[in-house]
Amino acid sequence: EAQVTQNPRYLITVTGKKLTVTCSQNMNHEYMSWYRQDPGLGLRQIYYSMNVEATDKGDVPEGYKVSRKEKRNFPLILESPSPNQTSLYFCASSSRQGARETQYFGPGTRLLVL
Amino acid sequence: GQNIDQPTEMTATEGAIVQINCTYQTSGFNGLFWYQQHAGEAPTFLSYNVLDGLEEKGRFSSFLSRSKGYSYLLLKELQMKDSASYLCAVDSGTYKYIFGTGTRLKVLA
């Protein structure tokens, strides 16, 4: 089954304790992205990756890091989480075939930083 | 700046037709997406428009006018399960996506 998976789905942590949210896709997509979703603000892009070893900042990259060492994986790293990073996080991957593009989202990770 | 506007909330009756509008101002344009998102769940892809015109897919259709910076999502024969948020998003430049804040649609019996 074609899918994007994220782990963990729920996480409660404390300020300053480094954490990693994993994202994996099994569709051989070149493009992957991380978003955060907050009430009233919609989805905002954090980082995206066009392919292995190719990443770029989205609209809200501060406080986050990413890496793309393999095509299928795109982990999101919070080196020193703060309460304002409490949010719902989504990973997504996309395929572009000619003029057609489809983006698939993972199930989401709810993060609470105390 | 970059901006996508869509109504915050809409209400419609089961069996009816509803049109959700989206206007955008972005630095670039590589296509416009519509997603459906049920509460607490991930967005699911509905449609992608990169050329002007109407794309129809079952009960859902999406229209794009690039010159006007305008799109709409048309939902026909509304069902209760269509109650959800509908997100408009623009690829503003090679996978740099800008999302609107979403339109919450309530379908009443």
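Before going into details, it helps to say that this report is about the structure given with it. (Residues numbered from 1 in each chain as written. Chains lettered and ligands numbered in written order. Predicted model: local features only at pLDDT ≥ 70, side-chain atom pairs only at ≥ 80, totals over all residues. Heavy atoms only, no water.)

## Side note on the overall build of chain A
Moving on, step 1. Within chain A one finds zero helices and 11 strands.
Moving on, step 2. For chain A, the α and β elements follow one another from N to C terminus as β-β-β-β-β-β-β-β-β-β-β.
Moving on, step 3. Taken over the C-alpha trace, chain A has a radius of gyration of 14 Å; the compact-globule value for 114 residues is 13 Å, and the two agree within 12%.
Moving on, step 4. With 114 residues in all, chain A has 50% of them scored as buried.
Moving on, step 5. Sequence separation of 24 or more characterises 53% of the internal contacts of chain A that already satisfy a separation of 6 or more.
Moving on, step 6. In chain A, 14 side chains carry a positive charge and 10 a negative one; their mean positions are 4 Å apart. (Helix = DSSP H or I, 4+ residues; strand = E, 2+ residues; numbered from the N terminus. Rg over C-alpha atoms; globule rule 2.2 N^0.38 Å. Buried < 20%, exposed > 50% of the residue type's maximum accessible area, 1.4 Å probe, protein only. Contact = heavy atoms within 4.5 Å. Lys, Arg positive; Asp, Glu negative; His and termini not counted. Charge placed at Lys NZ, Arg CZ, Asp CG, Glu CD.)

## What to know about the overall build of chain B
Moving on, step 1. Secondary structure summary: chain B contains zero helices and 11 strands in total.
Moving on, step 2. Secondary structure of chain B in N-to-C order comes out as β-β-β-β-β-β-β-β-β-β-β.
Moving on, step 3. Computed over its C-alpha atoms, the radius of gyration of chain B comes to 13 Å, within 12% of the 13 Å expected for a compact globule of 109 residues.
Moving on, step 4. Considered along the principal axes of its C-alpha atoms, chain B spans approximately 40 × 30 × 20 Å.
Moving on, step 5. Taking all 109 residues of chain B together, 49% fall into the buried category.
Moving on, step 6. Put simply, of all contacts in chain B between residues at least 6 apart along the chain, 55% involve residues at least 24 apart.
Moving on, step 7. As displayed, chain B offers around 5000 Å² of accessible surface, 49% of which is attributable to carbon and sulfur atoms.
Moving on, step 8. The averaged location of the 10 negative side-chain charges in chain B is 2 Å from the averaged location of its 9 positive side-chain charges. (Areas by Shrake-Rupley, 256 points an atom, 1.4 Å probe, with all protein chains shown as cover.)

## Description of the nonpolar core
Moving on, step 1. With 21 residues, the main nonpolar core has Ile-4, Leu-32, Trp-34, Leu-75, Leu-78, Tyr-86 and Leu-105 of chain B as its most contacted residues.
Moving on, step 2. Within the residue set of this core, elements represented by two or more residues are strand E3 (18-25), strand E4 (32-37), strand E7 (60-65), strand E8 (70-75), strand E9 (84-91) and strand E11 (103-108) of chain B.
Moving on, step 3. With near-sequence residues (within four places) excluded, Leu-78 of chain B lies in contact with Ala-12, Thr-13, Glu-14, Gly-15, Ala-16, Val-18, Arg-59, Leu-105 and Val-107 of chain B.
Moving on, step 4. Residues Cys-23, Trp-34, Ile-46 and Cys-91 of chain A belong to the second largest nonpolar core, which totals 19 residues. (Core = buried A, V, L, I, M, F, W, Y, C linked by side-chain atoms within 4.5 Å.)

## Details of a nonpolar patch on the surface
Moving on, step 1. A cluster of nonpolar side chains, contributed by Ile-12, Val-14, Leu-112 and Leu-114 of chain A, occupies part of the molecular surface with about 380 Å² of accessible area.
Moving on, step 2. One can find Ile-12 of chain A in strand E2 (residues 10-13). (Patch = residues over 30% accessible without salt bridge, like charges linked within 9 Å, V, L, I, M, F, W, Y side chains within 5 Å. Salt bridge = Lys/Arg side-chain N within 4 Å of Asp/Glu carboxyl O.)

## Some words on the sheet that holds E3 of chain B
Residues and elements named next belong to chain B.
Moving on, step 1. Pairing is antiparallel across the open sheet formed by five strands, whose spatial order is E1-E3-E8-E7-E6. Only two strands of the sheet have a single partner each, and these edge strands are strand E1 (3-5) and strand E6 (53-57). With direction set aside, neighbouring strand axes in the sheet form an average angle of 15 degrees.
Moving on, step 2. As paired strands, E7 and E8 are joined by six bridges and run antiparallel to one another. Along E8, the bridge assignment pairs Leu-64 with Ser-71. (Pairing = 2+ DSSP bridges. Axes fitted to C-alpha atoms, helices over the stretch in contact; angles between N-to-C directions.)

## Some words on the packing of aromatic side chains
Moving on, step 1. A full pass over the atoms with the stated rule returns 18 aromatic pairs over all chains.
Moving on, step 2. Where Tyr-64 of chain A meets Tyr-89 of chain A, the ring centres are 5.9 Å apart and the plane angle is 65 degrees; that geometry is what we call edge-to-face. With a gap of 25 residues between them, Tyr-64 of chain A in the loop between strand E6 (54-57) and strand E7 (65-66) and Tyr-89 of chain A in strand E9 (residues 87-97) connect regions that are remote in the sequence.
Moving on, step 3. Its relative accessible area of 6% is what places Tyr-64 of chain A among the buried residues.
Moving on, step 4. The class for Tyr-89 of chain A is buried, based on a relative accessible area of 1%.
Moving on, step 5. Considering the side-chain rings of Phe-33 of chain B and Tyr-97 of chain B, the 5.4 Å spacing of their centres and the 70 degrees angle between planes classify their relative orientation as edge-to-face. Placement of the pair is Phe-33 of chain B in strand E4 and Tyr-97 of chain B in strand E10 (residues 97-99), with a sequence separation of 64 residues. By the burial criterion, Phe-33 of chain B is buried, and Tyr-97 of chain B matches it. (Phe/Tyr/Trp six-rings, centres within 6.5 Å; stacked < 30°, edge-to-face > 60°.)

## Quick notes on the sheet that holds strand E1 (residues 4-7) of chain A
Moving on, step 1. The four strands are arranged E1-E3-E8-E7 (chain A) in an open sheet whose pairing can be described as antiparallel. With one partner strand each, in any of the chains shown, E1 and E7 of chain A form the two edges of the open sheet.

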